[in-house]
Every structure is written in C-alpha cells, then in structure tokens.
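Examination of the molecular architecture
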Amino acid sequence: MRASLLQVAVNEGEPVESRRRRVAGMVRDQAGADLVVLPELWTTGAFAYEEFAGEAEPLEGPTFEAMAEAASDAGVWLHAGSIPERDPGGPLYNTSLVFSPSGDLAAAYRKIHRFGFDKGEAVLMGAGDQLVTVRLPHTVVGVATCYDLRFPELFRGLVDAGAETFVVPAGWPERRRDHWTLLARARAVENQAFVLACGTAGTHAGVPQAGHSIVVDPWGEVLAEAGPGEEALTVDFDPAAVAGTRERFPALKDRVLGLDRPRR
C-alpha cells in the first residue's frame, strides 16, 4: 500500500473555508495513493479552543462535503482527520471522518480521550464511547486520535476488533514531540501493527506543533518520518507484514489480562 500523510499547517489569518479548499487540493494531488491521512482538527487548530464552538459543524457539513468530493476525485481512501462536530441537541465532539474512494462515508469516530484535564477540549467537548475499525482492501484500520495514543487499552481493543494498521491524526505540540515518537513506536510494538501517525505543522493559537508525522512497522522500526515543515510524507508499506510478524513472534497469543479466557 502507499500512504500519504499530510501535515496541514493551520496558519493564523487563513479563513477556514480557504483552508478547506487548500486541503482538498492537497488530497487531490495524492491521486495514486491508496490511503491519505489528514491531522486532527485542521479546520480550526487543535489548541484554538475559543474557535471550537464557532467553527463546529454538523457531521455532514462543509468539511464532510469537501473531503468526500476530494476523496472521490483522487480515488483514494481518505482519513480526513477530525472536525469539531456539533451534534444537534448534544455537545460538541472531536470527530474523525473516513471516506472510501467513491466519496462515501466509511466511518466516523468520536474521540474517546479528551485532552486538557480541566480545561480546553476536556470541558468543551463530549467523549465518544465506541471503538471504530474500517476494512480496506488490504488491511483493517483501527482509528484513534491524538491523546488516545497515551492509552494502550484502546489499541488492544482495536486489535481484538481485527485492526492491523492504526491511523492516528493529531495536533501534537512540539514540546512533547519525544513522547509522540515513543508512543507511536510503543503502540506498534506491543500490538504488532503498523502505526500511521499524522501531526500538524505550524502553530495553533500560539502553540508550536510537532509535525514529524511518522510511519512505524509492526516490529517498531520507523519506516519514514517527516520534518517539521514538510507538507507530505509518502511511504509504501506491506500490510502482510502484520500477519508475518504475529506468526514469527506470537506474543499476542500469550495475553492473559483483559481476556475472557483461561490462561493456557
């Protein structure tokens, strides 16, 4: 498979609609890829908390429409990052959208772990409660978002649901970039899965972003890593390596805790 991770920079002063058009063009430029991934909350910026309510949109709003069309035009599977979703009659959610090459919505995932402790996303948005996987032609994708990366039990749940490749859009700050790389590799090693982690570039509400999107194989080796200012990271990987790794080093078969079965 060929995957392209697009490190969208959220530039101050750029209108959201202008950014949608720019990002749609970036997606169309990836025609020929199998999977394209965008970062978390690229319409507003992950740290622009004061913009969430004003820029929130229904699930099938303008970003949905623009990304569905771009996926169809490029003929790619598109993980369109996440948007601030306004649920009619409910709270806001940090919601990821995944589109098929025909532009149909394949999955939506409301972020389970909200960042901010007692401020920001943690108090402004509701929490999702459903694990989400998407079956692509050559792999099963498990969907997670940014802060989720710190919670290994979520990824174990995705493995139990059949995931072989994790796609993680994020708005990860530069000051914790070492954690970003470490956790991406840890989730790959412990679950013997590919990790495609796509971060934003630029600065969100005064918070410098890490960039450094990264692709990690099931053995924990970094296949590719973007620089902080690179716009696109494209990498070829073989999804069959997951089954091969799990067969040669069957650590997942020795799991004990969290399983409804006796120890062998």
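Residues numbered from 1 in each chain as written. Predicted model: local features only at pLDDT ≥ 70, side-chain atom pairs only at ≥ 80, totals over all residues. Heavy atoms only, no water.

**Focus: the UniProt feature "domain: CN hydrolase" (unreviewed entry) in the chain**
Our working rule: UniProt positions are given in the numbering used here, feature names are shortened, and annotations may be inferred rather than shown by experiment. By definition, any uninterrupted DSSP run of H or I lasting at least four residues is a helix, any uninterrupted run of E lasting at least two residues is a strand, and each is numbered from the N terminus.
The UniProt record marks residues 1-239 with the feature "domain: CN hydrolase" (unreviewed entry), using the residue numbering of this structure. The span residues 1-239 shows a helical share of 24% and a strand share of 28%, and its end C-alpha atoms are spaced 7 Å apart.

**Remarks on helix α1 (residues 16-28)**
Applied cut-off: Each helix should span, by expectation, one fewer than its residue count multiplied by 1.5 Å. Only protein chains enter the accessibility calculation, which uses a 1.4 Å probe. A residue is then buried if its area is under 20% of the maximum for its type, exposed if over 50%, and partly exposed in between. Think of it as the arc spanned by the lines of direction from the helix axis to the C-beta atoms. A contact between two residues is defined here by any heavy atoms of the two lying within 4.5 Å.
Given a rise of 1.5 Å per residue, 13 residues ought to cover 18 Å, and the 18 Å separating the end C-alpha atoms of α1 matches this to within 8%. Taken together, the buried positions of α1 are Val16, Arg19, Arg20, Val23, Ala24, Met26 and Val27. In an axial view of α1, the angular spread of the buried residues amounts to 155°, which keeps them on one side of the axis. Each element contacted by the buried residues of α1 is listed here: β1 (2-6), β2 (35-37), α2 (52-55), α3 (62-74) and β3 (77-86).

**A short note on the pairing of β3**
Defined as follows: Being paired, for any two strands, means DSSP has found at least two bridges between them.
Burial runs high along β3: 9 of the 10 residues are buried. Bridge count between β2 and β3: 3 bridges; the pairing is parallel. When the sheet's bridge partners are listed, Val37 is paired in β3 with His79. The pairing of β3 with strand β4 (residues 92-99) spans 7 bridges and is antiparallel. In the strand pairing of β4, Ile83 is matched with Thr95. Two successive antiparallel strands, β3 and β4, enclose a turn made up of 5 residues, where Gly89 displays a positive phi of approximately 80°.

**Digging into the nonpolar core**
Proteins that are soluble and globular tend to have nonpolar side chains buried together. Short version of the rule: Nine residue types can take part in a nonpolar core, namely buried Ala, Val, Leu, Ile, Met, Phe, Trp, Tyr and Cys, and a core is a set of them joined through side-chain atoms within 4.5 Å.
Core analysis: the biggest nonpolar cluster contains 48 residues, and Leu5, Leu35, Val134, Phe155, Phe166, Trp172 and Leu196 have the highest contact counts within it. Per-element tally for this core: the top contributor is strand β9 (residues 194-198), with 5 residues. Apart from residues lying up to four places away in sequence, Phe166 is in contact with Gly142, Phe155, Leu158, Val159, Arg187, Asn191, Ala193, Phe194, Val195 and Leu196. Of all hydrophobic cores here, the second largest spans 23 residues; its members include Trp42, Phe64, Ala66 and Ile83.

**Some points on the sheet that holds β2**
The strands that make up a sheet are held in pairs by hydrogen bonds between backbone atoms, and each pair lies either parallel or antiparallel. So the rule is basically this: Only the contacting stretch of a helix is used when fitting its axis, a line to C-alpha atoms as for every element, and angles between N-to-C directions run 0 to 180 degrees.
If you trace the 6 strands from one edge of the open sheet to the other, you get β5-β4-β3-β2-β1-β14, paired in mixed fashion. The open sheet has two free edges, formed respectively by β5 (105-110) and β14 (232-236), since each of these has just one partner strand. In this sheet, neighbouring strand axes are inclined to one another by 20° on average, regardless of whether the strands run parallel or antiparallel. Examined bridge by bridge, β1 and β14 share 5 bridges and lie antiparallel to one another. Residue pairing in the sheet places Ala3 in a bridge with Val235 of β14. Running over the sheet, α3 touches β3, β4 and β5 and is turned about 15° from β4.

**Side note on empty space enclosed by the protein**
Let me state the cut-off plainly: In this analysis a 1.4 Å probe is tested at points of a 1 Å grid over the protein atoms alone, and where it fits but cannot get out there is a cavity; an open set with protein on both sides within 12 Å along at least five of seven lines is a pocket; lining residues have an atom within 4 Å of a point. Grid points are joined across faces, edges and corners, and a volume is the space filled by probe spheres set on the points. Nonpolar residues are Ala, Val, Leu, Ile, Met, Phe, Trp, Tyr, Cys and Pro. Charged residues are Asp, Glu, Lys and Arg, and all others, Gly as well, are polar.
Tallied over the entire structure, the rule returns 1 cavity of 30 Å³ or more. By volume, the largest cavity is sized at about 40 Å³. Leu35, His79, Val98, Val134, Leu136 and Val141 together form the lining of the largest cavity. Considering only residue class, the lining of the largest cavity consists of 5 nonpolar, 1 polar and no charged.

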